[in-house]
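Secondary and tertiary structure notes
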Amino acid sequence: DAMVIQNPRYQVTQFGKPVTLSCSQTLNHNVMYWYQQKSSQAPKLLFHYYDKDFNNEADTPDNFQSRRPNTSFCFLDIRSPGLGDAAMYLCAAGGPTYNEQFFGPGTRLTVL
Amino acid sequence: SQQGEEDPQALSIQEGENATMNCSYKTSINNLQWYRQNSGRGLVHLILIRSNEREKHSGRLRVTLDTSKKSSSLLITASRAADTASYFCATGPQTGANNLFFGTGTRLTVIP
């Protein structure tokens, strides 16, 4: 089945220690998104890639970076995680026109 | 912020009853979507309604959209215990990429 896969499902890191979350999709969609969702809150868009074009949301901290080496994979790098970065990180894939997004199961990040 | 708001924040009903959730948003939209999120999991797309549509049905789901009031509602009929989840509305803006801005969510509990 076509899907969006995120690894790992749970990630524990230490304060200030860089961490990378990964996402892959078998849908062959042009656009991939990263969202941050804190407990009991709405998902918040961090950035998205339209093919290789990177689009950052204005209020996304510089601490968050992303890479998309090919259509299938997209990575979220947190350069120096703080306690406030503990959250669920959701990856999604979607087409270029206005339509639904397909979400992965998420990676729950804990910062110690 | 383009984030929408949903009410109620939490809703508890008996199995077999109908559940209605409301969403209000702030900006002009191309479409509005509803997603379901089971605890600790990713989001699952339920239904999309475009700005030129007023009502849409999918199985036990009925969505309405009133662009003059910038509001939408999701009705789940004959609820089941398996419908227990958080429900989010998400708006797609008129211009730009297919970004979604999520509402604050309604936590639905269906009691068997």
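First, a word on what this report is: a plain description of the structure on this page. (Residues numbered from 1 in each chain as written. Chains lettered and ligands numbered in written order. Predicted model: local features only at pLDDT ≥ 70, side-chain atom pairs only at ≥ 80, totals over all residues. Heavy atoms only, no water.)

Some thoughts on the nonpolar core
- Counting residues in hydrophobic clusters, the biggest one holds 21 residues, and the most contacted among them are Leu32, Trp34, Leu74, Ile76, Tyr87 and Leu108 of chain B.
- If you list the elements that add at least two residues to this core, you get strand S3 (19–24), strand S4 (29–37), strand S5 (43–50), strand S7 (61–66), strand S8 (71–76), strand S9 (85–93) and strand S11 (106–111) of chain B.
- Those residues in contact with tyrosine 87 of chain B that sit more than four places away from it in its chain are Glu6, Met21, Tyr35, Arg36, Leu46, Leu74, Ile76, Gly105, Thr106 and Leu108 of chain B.
- By size, the runner-up hydrophobic cluster in this structure holds 19 residues, among which are Phe47, Ile78, Cys91 and Val111 of chain A. (Core = buried A, V, L, I, M, F, W, Y, C linked by side-chain atoms within 4.5 Å. Buried < 20%, exposed > 50% of the residue type's maximum accessible area, 1.4 Å probe, protein only. Helix = DSSP H or I, 4+ residues; strand = E, 2+ residues; numbered from the N terminus. Contact = heavy atoms within 4.5 Å.)

A closer look at unusual backbone geometry
- Cis geometry marks the peptide bond from asparagine 7 of chain A to proline 8 of chain A, where omega comes out at -15°.
- As for its placement among the helices and strands, proline 8 of chain A is situated in the loop between strand S1 (4–7) and strand S2 (10–13).
- Of the consecutive residues aspartate 7 of chain B and proline 8 of chain B, the connecting peptide bond is found in the cis state with omega at 0°.
- Its identity as a non-glycine residue notwithstanding, asparagine 28 of chain A has a phi of 60°, on the positive side.

Here's the deal with the interface of chain B and chain A
- At the junction of the two partners, chain B supplies 26 residues and chain A supplies 22 residues.
- Of the roughly 1,800 Å² buried between chain B and chain A, counting both surfaces, carbon and sulfur atoms make up 51%.
- If you look at where chain B meets chain A, you find zero salt bridges.
- In this structure, the connection of chain B to chain A is made through three residue pairs in polar contact (both at pLDDT 80 or more).
- No other element matches the five residues that S4 of chain B contributes to the side of chain B that touches chain A.
- Residues that form the side of chain B that touches chain A fall into these classes: nine nonpolar, 15 polar and two charged. (Buried area = accessible area lost by both parts, 1.4 Å probe. Salt bridge = Lys/Arg side-chain N within 4 Å of Asp/Glu carboxyl O. Polar contact = N/O pair within 3.5 Å; in protein donor to acceptor, adjacent residues only side chain to side chain. Nonpolar A, V, L, I, M, F, W, Y, C, P; charged D, E, K, R; others polar.)

Observations concerning the sheet that holds S7 of chain B
All names here are of chain B.
- Strand order in this open sheet of five strands is S1-S3-S8-S7-S6, and the pairing throughout is antiparallel. The open sheet terminates on both sides in strands that have one partner only, identified here as strand S1 (5–7) and strand S6 (55–58). Each strand of the sheet is rotated relative to its neighbour by a mean of 15°, with strand direction disregarded.
- The sheet contact formed by S7 and S8 spans six bridges and is antiparallel. Note on S8: the bridge partner recorded for leucine 61 is isoleucine 76. (Pairing = 2+ DSSP bridges. Axes fitted to C-alpha atoms, helices over the stretch in contact; angles between N-to-C directions.)

Some points on the pairing of strand S8 (residues 73–78) of chain A
Residue and element names in this part refer to chain A.
- With five of six residues buried, S8 lies mostly within the body of the structure.
- Here strand S7 (residues 64–67) pairs with S8 via four bridges, running antiparallel. Residue pairing for S8: glutamine 65 is matched across the bridge by aspartate 77.
- Connecting S7 to the antiparallel partner S8 that follows it, the hairpin turn spans five residues.

Bear in mind that shape data such as this cannot, by itself, settle questions of function.
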